[in-house]
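So you can see what is in the structure, the chains are spelled out below.
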Amino acid sequence: MIFEYFCLTDPGLIRDNNEDSVALDPENQVAVLADGMGGYNAGEVASAMATTFIKTELGRWMSEGGNEASARELKRAMEICIDNANRSIFNAANSNAQYAGMGTTLVMGLFHGTRAMIGHVGDSRCYRLRAGNFAQITRDHSLLQEQIDAGLISLEQAQFATHKNLVTRALGVEDTVLLEVSEHRVEDEDLYLFCSDGLNDMMSDERIAAILVTAGTLEEKAQALVDAANDAGGRDNISVILAYARSKPVRKGLLSRMLGKT
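Just so it is clear, the model here is predicted, and its values are computed rather than measured.

Engineer: Could you give an account of helix α2 (residues 71-95), naming the residues involved and the relevant values?
Structural biologist: Here α2 spans 36 Å end to end across 25 residues, near enough to the 36 Å set by a 1.5 Å rise per residue. All buried positions along α2 are accounted for by Ala 71, Leu 74, Ala 77, Met 78, Glu 79, Cys 81, Ile 82, Ala 85, Asn 86, Ile 89, Ala 92 and Ala 93. Residues of α2 that are buried in the fold lie against α1 (42-63), β4 (103-112), β5 (115-121) and β8 (180-185).

In structure tokens:
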């Protein structure tokens, strides 16, 4: 598979600063998005620490032999990177008064041939558009999601809940954190969307899917998503990463041999 990427982040219409952070390493097929939280500028410090650390460390690991790794080894590498990033953020929060209480949610993708390893902590999400079917492939680590899972609140009621942003898991809040990792098979023309809740809190999944289907290039799709979230109120920072997969083209020489030509 060949992957194309594009990322975009926007402060929205209400917030003075942007506490989201995005990072791409196309050469090593790493995509990371983080949504920071904390007083003053601490949230943007936490998110930037997370994306920078993971892009650097996981990218280095992939370039030094990760392309030959099994799914189990890829998952373990992701977990180690998250653990180290979490400890760095946690230690910074506990040694600097201005960073006290900072943390960040995170969603990441590691693409490896026809395999997509998707990891997340908190309520930053990953969706996939495949042959016109749009689906969320991560499950939020949030109080609201726990209530939905327990049958205490319906999906319709959840749309109007006042506690959407209460996460049950985040980097930097405790000295350990659990990364949830899922493995997915990549198919030709799959489109993966990673986003902060500033996008999906402002519009329905149906609206997001409609934009992805109708907009043009990855850049145009990303900009259309951000514009739509801002048109809906832009109450939070908005960040998106798009990753598009397509089959590798067949080389001319190989095609000739396949057709029995010289």
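Don't stop here, the text continues.
Engineer: Give a description of unusual backbone geometry that names residues and reports values.
Structural biologist: A positive phi angle, close to 60°, is found at Gln 29, a residue other than glycine. Checked against the element boundaries, Gln 29 lands in the loop between β2 (20-25) and β3 (30-37). Overall, Gln 29 belongs to the buried group, its relative accessible area being 18%. One non-glycine residue, Ala 131, lies in positive phi territory at about 50°. Relative to the elements of secondary structure, Ala 131 occurs in the loop between β6 (125-130) and β7 (133-136). The exposed category is assigned to Ala 131, whose relative accessible area is 77%.

Engineer: Any chance you could break down the pairing of β5 for me, citing the residues and the numbers?
Structural biologist: β5 sits mainly inside the fold: six of its seven residues count as buried. Judged from the seven bridges that link them, β4 and β5 form a sheet pairing that is antiparallel. Bridge pairing in β5 links Met 108 to Gly 119. Two successive antiparallel strands, β4 and β5, enclose a turn made up of two residues, where Gly 113 displays a positive phi of approximately 65°.

Engineer: Outline the packing of α1 against α2, listing residues and values.
Structural biologist: Packing of α1 against α2 leaves a shortest axis separation of 9 Å and a crossing angle of 145°. Crossing hand, α1 versus α2: right-handed. From α1, Ala 46, Met 49, Ala 50, Phe 53, Ile 54, Glu 57, Leu 58, Trp 61 and Met 62 reach across to α2, where they touch Glu 73, Leu 74, Ala 77, Met 78, Cys 81, Ile 82, Asn 84, Ala 85, Ser 88, Ile 89 and Ala 92. Taken together, the residues of the contact of α1 with α2 break down into 16 nonpolar, two polar and two charged.

Engineer: I'd like a rundown of the nonpolar core, residues and numbers included.
Structural biologist: Counting residues in hydrophobic clusters, the biggest one holds 30 residues, and the most contacted among them are Leu 58, Leu 106, Met 108 and Leu 171. Taken together, the elements giving at least two residues each to this core come down to β3, α1, α2, β4 and β5. One finds Leu 8, Cys 195, Ala 222 and Ala 228 within the second-largest nonpolar core, a separate group that totals 23 residues.

About the cut-offs
- Residues numbered from 1 in each chain as written.
- Predicted model: local features only at pLDDT ≥ 70, side-chain atom pairs only at ≥ 80, totals over all residues.
- Heavy atoms only, no water.
- Helix = DSSP H or I, 4+ residues; strand = E, 2+ residues; numbered from the N terminus.
- Expected span 1.5 Å × (residues − 1).
- Buried < 20%, exposed > 50% of the residue type's maximum accessible area, 1.4 Å probe, protein only.
- Contact = heavy atoms within 4.5 Å.
- Pairing = 2+ DSSP bridges.
- Axes fitted to C-alpha atoms, helices over the stretch in contact; angles between N-to-C directions.
- Left-handed = near helix turned anticlockwise from the far one by under 90°.
- Nonpolar A, V, L, I, M, F, W, Y, C, P; charged D, E, K, R; others polar.
- Core = buried A, V, L, I, M, F, W, Y, C linked by side-chain atoms within 4.5 Å.

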